[in-house]
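Fold and geometry: a report
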Amino acid sequence: MQIAEHIDLTAFNTLALPARARYYTRAENIADIHAAIVWAQRQGVPLLPLGGGSNVVLRGEFLGLVLHIALHGKTLTPRGDYVEVCVAAGENWHELVQWTLQQGAYGLENLTLIPGTAGAAPIQNIGAYGVELSQFLHAVRGIKIDENRELELSVAQCELGYRDSIFKHALRDNFIVTEIVLHLRAQFIATIDYPALSERLADTAALDAVQIERAVRALRQSKLPDPAQWPNAGSFFKNPIISSAQFSALQKAFPDIPHFFLQGDAEAAQNGVKIPAAWLIDRCAWKGRRLGTVGVHSQQALVLIHYGGGDAAALLALAAQIQRDVEQRFNITLEMEPGIYPR
Ligand code: FAD
Ligand code: NAP
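Thresholds, definitions, all that
Residues numbered from 1 in each chain as written. Chains lettered and ligands numbered in written order. Predicted model: local features only at pLDDT ≥ 70, side-chain atom pairs only at ≥ 80, totals over all residues. Heavy atoms only, no water. Near = heavy atom within 4 Å. Polar contact = N/O pair within 3.5 Å; in protein donor to acceptor, adjacent residues only side chain to side chain. Areas by Shrake-Rupley, 256 points an atom, 1.4 Å probe, with all protein chains shown as cover. Helix = DSSP H or I, 4+ residues; strand = E, 2+ residues; numbered from the N terminus. Nonpolar A, V, L, I, M, F, W, Y, C, P; charged D, E, K, R; others polar. Buried < 20%, exposed > 50% of the residue type's maximum accessible area, 1.4 Å probe, protein only. Pairing = 2+ DSSP bridges. Contact = heavy atoms within 4.5 Å. Expected span 1.5 Å × (residues − 1).

1. Topic: the site of ligand 1
- By nearness alone, 32 residues border ligand 1, and P49, G51, S54, T117 and Y341 come closest of all.
- Between ligand 1 and N55 there is a distance of 2.8 Å, counted from an oxygen atom to a backbone nitrogen or oxygen.
- Protein burial of ligand 1: of its 980 Å² of free accessible surface, 94% is covered by the chains.
- Of all the elements in the fold, those that place two or more residues in the shell around ligand 1 are β3 (47-50), β8 (127-128), β12 (175-185) and β13 (232-235).

2. Topic: the site of ligand 2
- For ligand 2, the set of nearby residues contains 18 residues, the closest of which are R163, Y194, K223, K274 and Q300.
- In this structure, an oxygen atom belonging to ligand 2 sits 2.7 Å away from a side-chain N or O atom of K223.
- Between N239 and ligand 2, the recorded distance is 2.8 Å, taken from a side-chain N or O atom to an oxygen atom.
- Of all the secondary-structure elements, those providing two or more residues to the shell around ligand 2 are β8, α4 (209-223) and β13.
- Here the residues of the shell around ligand 2 sort into eight nonpolar, five polar and five charged.

3. Digging into the pairing of strand β19 (residues 303-306)
- Burial of the side chains of β19 extends over both faces: V303 and I305 are buried on one face and L304 and H306 on the other.
- One ladder, built from two bridges, connects β13 with β19; its direction is antiparallel. Considered in β19, the bridge of N232 is made with I305.
- As judged from the three bridges shared by strand β18 (residues 294-296) and β19, these two strands associate in the antiparallel manner. Each residue of the ladder has a partner; that of G295, found in β19, is I305.

4. Quick look at the environment of Q263
- Position of Q263 among the secondary structure elements: in the loop between β15 (260-261) and β16 (273-274).
- The spacing of Q263 and V273 is ten residues in sequence and 9.5 Å in space, taken between C-alpha atoms.

5. A word on the environment of F12
- Turning to its location among the elements, F12 is positioned in the loop between β1 (4-8) and β2 (19-27).
- Here the alpha-carbon distance between F12 and R217, two residues 205 residues apart in the chain, equals 24 Å.
- Those residues in contact with F12 that lie beyond four places of it in its chain are I7, Y24, L50, G52, G53 and H68.

6. Section: helix α7 (residues 312-330)
- The first and last C-alpha atoms of α7 sit 26 Å apart over 19 residues, in line with the 27 Å expected at 1.5 Å per residue.
- Among the residues of α7, A312, L315, L316, L318, A319, I322, Q323, D325, V326 and F330 are the ones counted as buried.
- Positive backbone phi, approximately 60°, marks N331, located one or two places after α7.

7. Quick notes on unusual backbone geometry
- For the bond running from Y341 to P342, omega is -10°, close enough to zero to count as cis.
- You can see P342 is positioned in the segment after β20 (339-341).
- In this structure, N148 is a non-glycine residue whose phi angle is positive, near 50°.
- Among the secondary structure elements, N148 is positioned in the loop between β10 (137-144) and β11 (149-154).
- Residue classification places N148 among the buried residues on the basis of a relative accessible area of 18%.

See the structure below:
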């Protein structure tokens, strides 16, 4: 294991924010991770596992060890009505989706074109177009940092929720994912309840997984800025989930407010109502607005863009202004989705 010092992280985050790591190393196998943990503990510095850098805001210098997760390899084992897929944490998520479809293992087609690594996928239980990782995740293997001990967590133990997991709570900053185990479908079942997707596929005869993957990819490419061209971290805020009482009051003031009852029906309203954050931001006239080096994407108000020459302070100041306006107008607090480092 080689430790580099004072490393520029600009190329390691999709927001292209200027940031540095006091110490940096790449882990290509589990032994590298154990060694990195021992090293960081001896130095008394924190450790930050980094995958593709597509869901982080890096500000200033991280005065610890950035551990780039570069473990590779995947296996696929048919097990009757499902297919078990074990994936090392450093594998690219989008390439994994393509590979599973080529192998005749189904379920991930709605999750195509999500940037980043397989190891980061359980951290926020990635989701898109009506599908979440939680539907296919079987287990997560990794290392608990404080004990430097290998551990397997069942999907139930991962406590996955809406863009949430145990890795953001009880195991926050204390677990490195080394491998995920997926149980995919041996037989294809289409999931096209998501309105934008069902509209696009309405006239498609004999639907298959490849057509869904293509449709999702086309939808994403039509709406989302490519980070290579317009540096961003995807959705900057989570969609807020509010109580049915708060929703009723809001609907009186804003009859056209879009909303989704959790679990899909009005009777489930006591479980909360999801409001698209993009609509709230748009209503506060932020969509397409630019403040110097940073701004809000013109096609999708949930995406903040770094136009270049800016830094995390400028981006977080923009985010704070948006949060303040949404709070004042709707009495809803928007929660940021990306992790901010140093914390
Ligand atoms: P990173 O940004 O490197 O890390 C994210 C967090 O996970 C950090 O806290 C990091 O410390 C931790 N982490 C990373 N790897 C490990 C590991 N091996 N062990 C422990 N902790 C780890 N997300 C969605 O859910 N749905 C979407 O549709 C979606 N679309 C996106 C579109 C764009 C254009 C972009 C830029 C982002 C999008 N995202 C989406 C967010 C992002 O792609 C996902 O959260 C992705 O899983 C992050 O992967 P990463 O490897 O880049 O993680
Ligand atoms: P959209 O279709 O414009 O819809 C806006 C929001 O409404 C979405 O965020 C979605 O919540 C919610 N929604 C729509 N139909 C729903 C339904 N039938 N039931 C429950 N909620 C519903 O969204 P978009 O911005 O173009 O994104 C499309 C998909 O890609 C979404 O699933 C989104 O989460 C995902 N995406 C995520 C990121 C990220 O960084 N996290 C970035 C880009 C896209 P959900 O977000 O819960 O689906």
